[in-house]
Amino acid sequence: MKVVLKKPHLAFDKAQWVGVATWIGGMAAAYVVAAYLSSGLFLVLQKIGALPFANQTVLVLAQHVVAYIIVITLLLAGAWRLRQTLSRRDMGLWRLLDWRDIGLSIVGMLAYLVLTVLLLAVARLIPGFDVNQVQNTGLGKLYSYDLLMAFLVLVIATPFFEELLFRGVLYGRLRSLRLSWWLAAVIVSALFGAAHMQWNVAVDVFALSLVMCALREKTGNIWAGFLVHVIKNFIAFYVVFVAT
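Residues numbered from 1 in each chain as written. Predicted model: local features only at pLDDT ≥ 70, side-chain atom pairs only at ≥ 80, totals over all residues. Heavy atoms only, no water.

> Mind showing me how you'd approach the overall build of the chain here?
The secondary structure content of the chain amounts to seven helices and zero strands. Of the regular secondary structure in the chain, the N- to C-terminal order runs α-α-α-α-α-α-α. A principal-axis box enclosing the C-alpha atoms of the chain has dimensions of 85 × 45 × 40 Å. Counting every position in the chain, which comprises 244 residues, the buried fraction comes to 41%. For the chain, contacts bridging at least 24 residues in sequence account for 80% of all contacts bridging at least 6. Of the roughly 14,400 Å² that the chain leaves accessible, carbon and sulfur atoms contribute 70%. Positive and negative side-chain charges in the chain, numbering 20 and 10 respectively, have mean positions lying 11 Å apart. (Helix = DSSP H or I, 4+ residues; strand = E, 2+ residues; numbered from the N terminus. Buried < 20%, exposed > 50% of the residue type's maximum accessible area, 1.4 Å probe, protein only. Contact = heavy atoms within 4.5 Å. Areas by Shrake-Rupley, 256 points an atom, 1.4 Å probe, with all protein chains shown as cover. Lys, Arg positive; Asp, Glu negative; His and termini not counted. Charge placed at Lys NZ, Arg CZ, Asp CG, Glu CD.)

> For this particular structure, what's the right way to read helix α2 (residues 56-81)?
Count 3.6 residues to each turn of an α-helix, and residues three or four apart come out pointing the same way. Its 26 residues give α2 an end-to-end C-alpha distance of 37 Å, which sits within 8% of 38 Å, the value for a rise of 1.5 Å per residue. Its side-chain oxygen at 2.7 Å from the backbone nitrogen of T57, N55 defines the N-terminal cap of α2. After α2 finishes, the residue R83 shows a positive phi value of roughly 60 degrees. (Expected span 1.5 Å × (residues − 1). Polar contact = N/O pair within 3.5 Å; in protein donor to acceptor, adjacent residues only side chain to side chain.)

> How do you make sense of a nonpolar patch on the surface when you look at a structure like this?
Together, I231, F234, I235, Y238, V239, V240 and V242 line one region of the surface with nonpolar side chains, adding up to about 570 Å² of accessible area. Taking relative accessible area as the criterion, I231 reaches 31% and is therefore assigned partly exposed. (Patch = residues over 30% accessible without salt bridge, like charges linked within 9 Å, V, L, I, M, F, W, Y side chains within 5 Å. Salt bridge = Lys/Arg side-chain N within 4 Å of Asp/Glu carboxyl O.)

> Please explain the packing of helix α3 (residues 99-123) against helix α7 (residues 223-243) as it appears in this structure.
Between two packed helices, the angle of one axis relative to the other and the distance separating the axes together describe the packing. Here α3 crosses α7 at 55 degrees, and the two axes come no closer than 8 Å. If you check the angle between α3 and α7, you find them oblique. When you trace α3 past α7, the crossing you get is right-handed. Taking contact as the criterion, the partners of D101, I102, L104, S105, G108, M109 and Y112 in α3 are, on α7, W223, A224, L227, V228, I231, K232 and I235. Partitioned by chemical class, the residues of the contact of α3 with α7 number 10 nonpolar, two polar and two charged. (Axes fitted to C-alpha atoms, helices over the stretch in contact; angles between N-to-C directions. Parallel < 35°, antiparallel > 145°, perpendicular 65-115°, else oblique. Left-handed = near helix turned anticlockwise from the far one by under 90°. Nonpolar A, V, L, I, M, F, W, Y, C, P; charged D, E, K, R; others polar.)

> Before we go on, may I ask you to explain the nonpolar core in this structure?
Nonpolar side chains in soluble globular proteins tend to end up buried together. Core analysis: the biggest nonpolar cluster contains 57 residues, and W23, L75, L165, F166, V169, L174 and V188 have the highest contact counts within it. When residues of this core are traced back to their parent elements, those giving at least two are α1 (14-47), α2, α3, α4 (144-176), α5 (181-194), α6 (199-219) and α7. With five residues, the next largest nonpolar core counts L120, A123, V131 and V203 among its residues. (Core = buried A, V, L, I, M, F, W, Y, C linked by side-chain atoms within 4.5 Å.)

Here it is, written out as structure tokens:
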């Protein structure tokens, strides 16, 4: 009996990829709108004297968080308008943080460090790539109450809302469109890297996002990735605001 080997068929689902493109385009548009809205909001608050004692560095950090909240709100509103409402499970929020997430976050942090070293080693081969380029954050020194506020915003609030947006809403939606987890992870991580607008930083956070997407896929929640994100931002907080 002759056995005929069939060539693998790579299906292209037009509706699926239209959905993917719609969500990516929607997120990009929401980002632009959120940037203007958050900037305008803080400008108005400063003009009317509603933030008389706020440190400029804290305001910059808080403005980023507000922008993320606006993006998430716009995406969820758009999904509802298109009758594509996301459930808590879709967004990775179907349960609370538990001890398993803590253990996985430690493993995830080690995986992130190894993956970052490997990707940066490859990136060094690209002409003009400066792995040591300093990130211009526009942040200054902080003391006392301002230091505490910056800690809460940078180490707690920012990781939560970034995880909810990228590994929660966006990743959940791409997976619900039947993308493979690794392809959804690459798309989410590429967008996450692009959002940081600097090549060496983008490579670093791309590696970070890949690990956090893997944790999201394994647990079905954003919490393990959130803890990895918290650890990374805490290290950055210590280096920028405490050690120096």
